[in-house]
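Topology and contacts: notes
Residues per chain are reported as follows:
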Amino acid sequence: MQENREMKFQDCKFGSVKYNGKEYKHDIIVHVDGTITPRRKEISRKKYGTSHTLAQEEIQQLLDENPDIIIVGSGVHGVLKLGEISIKTKIIKLPTCKAIKEYNSLIETGKKVAAIIHVTC
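Residues numbered from 1 in each chain as written. Predicted model: local features only at pLDDT ≥ 70, side-chain atom pairs only at ≥ 80, totals over all residues. Heavy atoms only, no water.

1. Observations regarding the sheet that holds strand S4 (residues 28-30)
Sheet strands pair by backbone hydrogen bonding; their relative direction is either parallel or antiparallel. Taken in spatial order, the five strands line up as S5-S4-S10-S7-S9 in an open sheet, and their pairing is mixed. With partners counted over all chains shown, the strands left at the sheet margins are strand S5 (36-38) and strand S9 (90-94), one partner each. In this sheet, neighbouring strand axes are inclined to one another by 20° on average, regardless of whether the strands run parallel or antiparallel. When strand S7 (residues 69-74) meets strand S10 (residues 113-118), the two strands line up parallel, connected through six bridges. In the strand pairing of S10, Ile69 is matched with Val113. Strand contacts of helix H3 (residues 96-108): S4, S7, S9 and S10, with the helix running at about 160° to S7, the strand carrying the most contacts. (Pairing = 2+ DSSP bridges. Helix = DSSP H or I, 4+ residues; strand = E, 2+ residues; numbered from the N terminus. Axes fitted to C-alpha atoms, helices over the stretch in contact; angles between N-to-C directions. Contact = heavy atoms within 4.5 Å.)

Pasting the structure below:
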């Protein structure tokens, strides 16, 4: 397993998060190995008509990485909802600034953690 101790969030504010020293001004997915990819909001838009509801199909790619936990940062004001999601992996949904603190804490304990982070509302 890759060493993730440096791969942590440093900041959160409306419209951006800072991860591993880089600021992201769009929704992101943090993979188990610490790499970042953009969230593919079009998946939720197609299924629900909005990107403010997270579709299981968005989570599916993370399940292949066998995380212990998936953190969902639901936005600074907690607006992002979970759609119809039926998976065995534990999901923790928190407002984004709390979610990144939880992510950092879990990484410290050696857990395999993935995250989907909504940076605005």
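2. What about the nonpolar core?
Core analysis: the largest hydrophobic core is formed by 20 residues, its most contacted members being Phe9, Val17, Ile71, Tyr103 and Ile117. Only strand S1 (9-13), strand S2 (16-19), S4, S7, H3 and S10 provide two or more residues apiece to this core. Here the element with the most residues in this core is H3; it accounts for five residues. Once residues lying within four places of it in the same chain are set aside, the contact partners of Ile71 are Ile92, Ala99, Glu102, Tyr103, Leu106, Val113, Ala114, Ala115 and Ile116. (Core = buried A, V, L, I, M, F, W, Y, C linked by side-chain atoms within 4.5 Å. Buried < 20%, exposed > 50% of the residue type's maximum accessible area, 1.4 Å probe, protein only.)

3. Quick notes on the sheet that holds S1
Pairing in this open sheet of three strands is antiparallel, and the strands run S1-S2-S3 from one edge to the other. Strand pairing shows two members of the sheet lacking a second neighbour, S1 and strand S3 (22-24), which therefore form its edges. With direction set aside, neighbouring strand axes in the sheet form an average angle of 15°. As paired strands, S1 and S2 are joined by four bridges and run antiparallel to one another. Within S2, the position partnered with Asp11 by the bridge is Lys18. Where H3 meets the sheet, it contacts S1 and S2, and its direction lies at approximately 170° from that of S1.

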